[in-house]
Amino acid sequence: MKDLRRLQRGREGEELAVKYLQAAGYRIVKRNFRCRLGEIDIIARDGETLVFVEVKMRTNESHGDPEAAVDRAKQKKISLVSLHYLQTNKIPDQTARYDVVAVQRTVGGHEIRLIKDAFDLSP
């Protein structure tokens, strides 16, 4: 039951993030790209830049800010998956970056923060 709620929250956060990114001018390329190495929530274009987006949602403040959950280990995993995506789709020499969308549920709805260029490629 707890896993189902977590999954539903994740979907809710991603839906909110997609709408937010589209309103900001991003064009969504792919959602939930999965491979044996892991998953990337959203792949989008911001102009000519390919953006790998991690979405983190919190329903309360007991676990801190959502973006704090994108630690070095998570960054490394996202980096590996993004490189796999670029290789698999034969996308050489592409300008890319890593953004984080932090979604925090509030009394009146949701607060959404976009952290552009949140981290660099992690070796």
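In the block above lies the structure referred to throughout.
Residues numbered from 1 in each chain as written. Predicted model: local features only at pLDDT ≥ 70, side-chain atom pairs only at ≥ 80, totals over all residues. Heavy atoms only, no water.

Attention now goes to the side chain of Q75. Summarising the element assignment, Q75 is placed in helix α2 (residues 72-88). You can call Q75 buried: its relative accessible area is 11%. Within the structure, the side chain of Q75 is placed 3.1 Å from the side chain of R72, a separation counted as a polar contact. (Helix = DSSP H or I, 4+ residues; strand = E, 2+ residues; numbered from the N terminus. Buried < 20%, exposed > 50% of the residue type's maximum accessible area, 1.4 Å probe, protein only. Polar contact = N/O pair within 3.5 Å; in protein donor to acceptor, adjacent residues only side chain to side chain.)

Note that strand β4 (residues 96-106) and strand β5 (residues 109-119) share eight bridges and pair antiparallel. Residue V100 lies in a different strand from β5, and its bridge partner there is I115. Once β4 ends, the chain turns through two residues before running back antiparallel as β5. (Pairing = 2+ DSSP bridges.)

What follows concerns α2. Its 17 residues place the ends of α2 24 Å apart at the C-alpha level, agreeing with the 24 Å of an ideal helix rising 1.5 Å per residue. The complete set of buried residues in α2 reads Q75, I78, S79, V81, S82, Y85 and L86. Here the buried face of α2 lies against β1 (27-35), β2 (38-46), β3 (49-58), β4 and β5. Phi turns positive, to about 50°, at K90, one or two residues after α2. (Expected span 1.5 Å × (residues − 1). Contact = heavy atoms within 4.5 Å.)

Pairing between the strands of a sheet is mediated by backbone hydrogen bonds and can be parallel or antiparallel. Spatially, β1-β2-β3-β4-β5 is the arrangement adopted by the five strands of the open sheet, whose pairing is mixed. Looking at the sheet topology across the chains shown, the edges are occupied by β1 and β5. Looking at each pair of strands side by side, their axes are set apart by 30° on average, direction ignored. Sitting on the sheet, α2 touches β1, β2, β3, β4 and β5, and the angle it makes with β3 is about 145°. (Axes fitted to C-alpha atoms, helices over the stretch in contact; angles between N-to-C directions.)

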